[in-house]
Amino acid sequence: MPARLPDHEAHVEHDGVKIGYRIYGNGAPTFLLLPTWTIVHTRFWKMQVPYLARHHRVVTFDAPGNGESERSTDPSHYEPEFLAGAALDVLDTTGTERAILVSLSKGSVTSLYLAAAHPERVLAQAFIGPTLPLTPPPPERADIPRTFHLELDDPQGWHKYNAHHWRHHYDDFAEFFFGQCFPEPHSTKQREDAVGWAMETTPEVLLADAAADFPRRTTVQQWCATVDHPVLVVQGTDDRISPLSRGEALAAATGGDLVKLENAGHIPPARDPVKINHLLRELAATVQPPARVETTWTRGRTRQRRVLMISSPIGLGHAGRDLATMAALRRHHPDAEIEWLAQSPVTRMLADAGETVHPASAELVSESGHIESESGEHDLHCFQAWRRMDEILLANFHVFHDLVTSRDYDLVVADEAWDVDYFLHENPELKRFAYAWTTDFVGWLPMPEGGAREAMLTADYNAEMIGHIERRPRLRDLAMFVGNPDDIVPDRFGPDLPLIRDWTEAHYRFPGYVTGFDPAAPAERERLRADLGYRPDELVCVVTVGGSGVGGHLLRRVMDAFPAARRKVPSLRMIVVAGPRIDPGSLPAREGLEVHGYVSGLWRHLAACDLAVVQGGLTTCMELVANRTPFIYVPLRRHFEQQFHVHHRLGRYGGGVRVDFADADPDHLAALIAGTIGRPTAPRPVEAGGAERAAAMLAELL
């Protein structure tokens, strides 16, 4: 799911060629993000658009040959004059008088030509990894003009930059080329994206582009001499497509600023997006200073302690334990001001609890919405869904960073806020507060059906996380595992990587499980049943699938099982809780079946009922274990956390009856419900006091 949809998108026709363009945001000044080589389209700016569009107006367009533009095979449509003309038509059509031009690689040619021919339309220019003939190509590519049209046997390396190889082995060339573009370790997602975009065009388009006239060095130098506006050149020192010398030469020729990114490759907008985005906003400030602001500074001696709590929106379990922990933290520091950066459905629970949700939360992109868009019939490939959430995670990190830059916090607590943890480790200079990380699982695990590739990808992500902690062991002032060492799966992070439990014990503290409530004693349970309107002569089954909105298929399966289950258990009362993201009206009606939407204090129903049927989410399952409530759990297919991490923990506690969705037909579910409801259980006790122990650890940081 894109992190930001365009406010307007359409086509403009330039010299008979259809050009697709998009507009985002409305703040001044306007950024024109130019296309690069036609092997990719302007989705490669996906990590810039959401952040810039929150503050500025952003216009993008696809060059001929890819994206929403026409697949032309006319070489003249790939020459600087044509592409600059297309850019002018887009500026005119979108009502843009002047813009900041941002280019990557070959897009620098279009940018420089446009600025030289029409300086009145340009406010400033940013060049990233400019591909301009100001210095010779790298030695390994010097032979390409001679070999490009030769039919080579089994070409290797840069000899794959070859017309015959493109025609017959285009996918192999794309894999090689983007491997060169991203030499940085752990760039599997960026390469995968780029290769996917390359498959949206054809070798014939690239051959037409290759046949277009490319400007000579003297021509480019003449263009540079005309520049009289701010210029920023950003160059990776490990750029294997356009060497550092080119960026240095362009900065010198235009009088621009040069920012070298140490050990970065050719496409830092994808690999180092936080740095690039901040540089672009700084460039915008040089041509249009931000509006005047008035701030107040409070002396540290009299400043109230301020905490920012970030609770994962994927499900509601995080919010329950975070509310309990923050309540305990207030007992340690009654003067602490606690604010929440949160999104739906967590904000629903926070409102019920009377907590303060910071207004910046409204800027967050819905992670739950993305998860729902990735789900199928009780199926969520959790790891791949998380990988495809990269632009959303970055957009939300920028919301967080804007907030902590504008407001002082003594402590930031991130409960599985993956965006904050990842991008702080990638940009450690941005940390200006005590930082605590908390999670209830450690280690991405591959699903067997994903084969060798998924095993490689999960190991690579785990290795990147391990590297973050090894390089910056003090960035996390505290890391808490919600549970105990025995709750950790016995697996390895991957080949040649540590055992997950050994590594976690060395890098985390363990407050025990945080339930958010005290388990109900038998007498309390009877009072609770009476308060909830449960009759003594009925057996109550509560069916719930959490707050993410993924569980609609399971709800329908259980509802279909209700008539048969009631025939087996005449006293059965079934209460279906759709949660905050599933419309109860979308569920089928069944006589005698109760359907509710969001239920505040759902844990009370789970403590009082005679049986629960749930997904495999950890929090709900552990609430049931703590209250010794019989339950049936159906983990989402391909959801590694529910399939492995949660299943391991429930096995340790001896709680719940697992059934796979493939086996959960209505007849089988009815038999399970009849055979499980009301039967006493004897799981391992869940220790109390986890929230207090977690709060004590956090209190040390204040």
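Being a predicted model, the structure only gives us computed values, none of them experimental. Here the residue numbering is sequential within each chain, running from 1 through the sequence in written order. The predicted origin of the model limits local features to residues at a pLDDT of at least 70 and limits the giving and counting of side-chain atom pairs to 80 or more, whereas totals for whole chains, interfaces and linings rest on all residues. Note: side-chain values were computed over all heavy atoms of the structure, leaving out hydrogens and water.

Turning our attention to the overall build of the chain. Broken down by element type, the chain carries 26 helices and 21 strands. A compact globule built from 702 residues should have a C-alpha radius of gyration of about 27 Å, and the chain, at 29 Å, falls within 12% of that. Across its three principal directions, the C-alpha atoms of the chain cover 90 × 65 × 50 Å. Relative to its full complement of 702 residues, the chain shows a buried share of 58%. Contacts were defined at the residue level, with two residues in contact if any of their heavy atoms lie within 4.5 Å. Within the chain, residue pairs in contact and separated by at least 24 positions form 74% of the contacts whose partners lie at least 6 positions apart. Within the structure as shown, the chain displays about 27,900 Å² of accessible surface, and the carbon and sulfur contribution to it stands at 49%. Considering the chain, the positive charge centre built from 70 side chains and the negative charge centre built from 94 side chains are found 5 Å apart. Labels follow the DSSP assignment, with helices taken as runs of H or I lasting at least four residues and strands as runs of E lasting at least two, numbered in each case from the N terminus. A radius of gyration in this sense is built from C-alpha atoms; the matching globule rule multiplies 2.2 Å by the number of residues raised to 0.38. Using a 1.4 Å probe on the protein chains alone, a residue whose accessible area is under 20% of its type maximum counts as buried, one over 50% counts as exposed, and one in between counts as partly exposed. Only the protein chains shown count as cover for residues, and all accessible areas are computed by the Shrake-Rupley method using a 1.4 Å probe. The charge count includes Lys and Arg as positive and Asp and Glu as negative, but it does not include His or the ends of the chains. All charge positions are set by atom: Lys at NZ, Arg at CZ, Asp at CG, Glu at CD.

As a further point, take the nonpolar core. Ranked by size, the top nonpolar core spans 55 residues in total, and within it Leu308, Leu341, Phe400, Val412 and Tyr435 carry the most contacts. It is helix α16 (residues 390-406) that contributes the most residues to this core, nine residues altogether. When sequence neighbours within four positions are dropped, the list of residues in contact with Val412 reads Leu308, Ile310, Phe400, Val404, Phe433, Ala434, Tyr435 and Ala436. Among the nonpolar cores identified, the runner-up in size contains 52 residues, and Ala124, Val195, Leu261 and Leu283 belong to it. Within this scheme, the nonpolar core is defined by two criteria: the residues are buried Ala, Val, Leu, Ile, Met, Phe, Trp, Tyr or Cys, and they are joined through side-chain atoms within 4.5 Å.

With that settled, the discussion passes to the side chain of Thr544. With respect to the helices, strands and loops of the structure, Thr544 is situated in strand β16 (residues 539-544). Here Thr544 is in contact with Val577, Leu602, Leu606, Val613, Val614, Gln615 and Thr620, once residues within four sequence places are set aside.

Note on aromatic pairs: each is described by the distance of the centres and the angle between the planes. To pair, rings of Phe, Tyr and Trp, with the six-membered ring standing in for Trp, must have centres within 6.5 Å; the planes then decide the type, stacked if under 30 degrees apart, edge-to-face if over 60, and tilted in the middle. If you walk through the whole model with that rule in mind, you get 34 aromatic pairs. Measuring from centroid to centroid gives 5.7 Å for Phe173 and Phe177, while their planes differ by 25 degrees, and the two rings are stacked. Of this pair, Phe173 and Phe177 both sit in helix α5 (residues 163-181), four residues apart, roughly one helical turn. Three or more aromatic residues joined by ring pairs form one cluster here, namely Trp37, Phe148, Trp158, Tyr161, Trp166, Phe173, Phe176, Phe177 and Phe178. Distance and angle both matter: a charge sits over a ring if NZ of Lys or CZ of Arg is within 6 Å of the ring centre and within 35 degrees of the ring normal. Sitting over the face of the ring of Trp158, Arg141 holds its NZ or CZ atom 4.6 Å from the ring centroid.

Our next topic: the environment of His668. Within the secondary structure, His668 is located in helix α25 (residues 666-676). Dropping the residues within four chain positions of it, His668 is found in contact with Val659 and Asp663.

Pairing is mixed in the open sheet, where eight strands are placed in the order β1-β2-β4-β3-β5-β6-β7-β8. On the outer flanks of this sheet lie β1 (8-14) and β8 (257-261), each paired with one strand and no other. The mean angle between the axes of side-by-side strands here comes to 20 degrees, regardless of whether they run parallel or antiparallel. Strands were regarded as paired on the criterion that DSSP finds at least two bridges between them. Across five bridges, the pairing between strand β7 (residues 231-236) and β8 is parallel. Each residue of the ladder has a partner; that of Val233, found in β8, is Leu258. Only the contacting stretch of a helix is used when fitting its axis, a line to C-alpha atoms as for every element, and angles between N-to-C directions run 0 to 180 degrees. Across the sheet, helix α2 (residues 80-93) is in contact with β1, β2 (17-24), β3 (30-33), β4 (57-61) and β5 (99-104); its angle to β1 comes to roughly 135 degrees. Against the sheet, helix α9 (residues 244-254) contacts β6 (122-128), β7 and β8, and its axis sits at roughly 170 degrees relative to β7.

With that settled, consider the pairing of strand β19 (residues 611-615). In terms of burial, β19 is a largely internal element, five of the five residues being buried. Strand direction decides the pairing type here: β16 and β19, joined by four bridges, are parallel. Residue Val542 lies in a different strand from β19, and its bridge partner there is Ala612. When β19 meets strand β20 (residues 631-634), the two strands line up parallel, connected through four bridges. In the strand pairing of β20, Val613 is matched with Ile632. Running through helix α23 (residues 618-626), the crossover from β19 to the neighbouring parallel element β20 is right-handed. A clockwise course of the path from the first strand over the helix to the second, judged with the strands pointing away from the viewer, identifies a crossover as right-handed.

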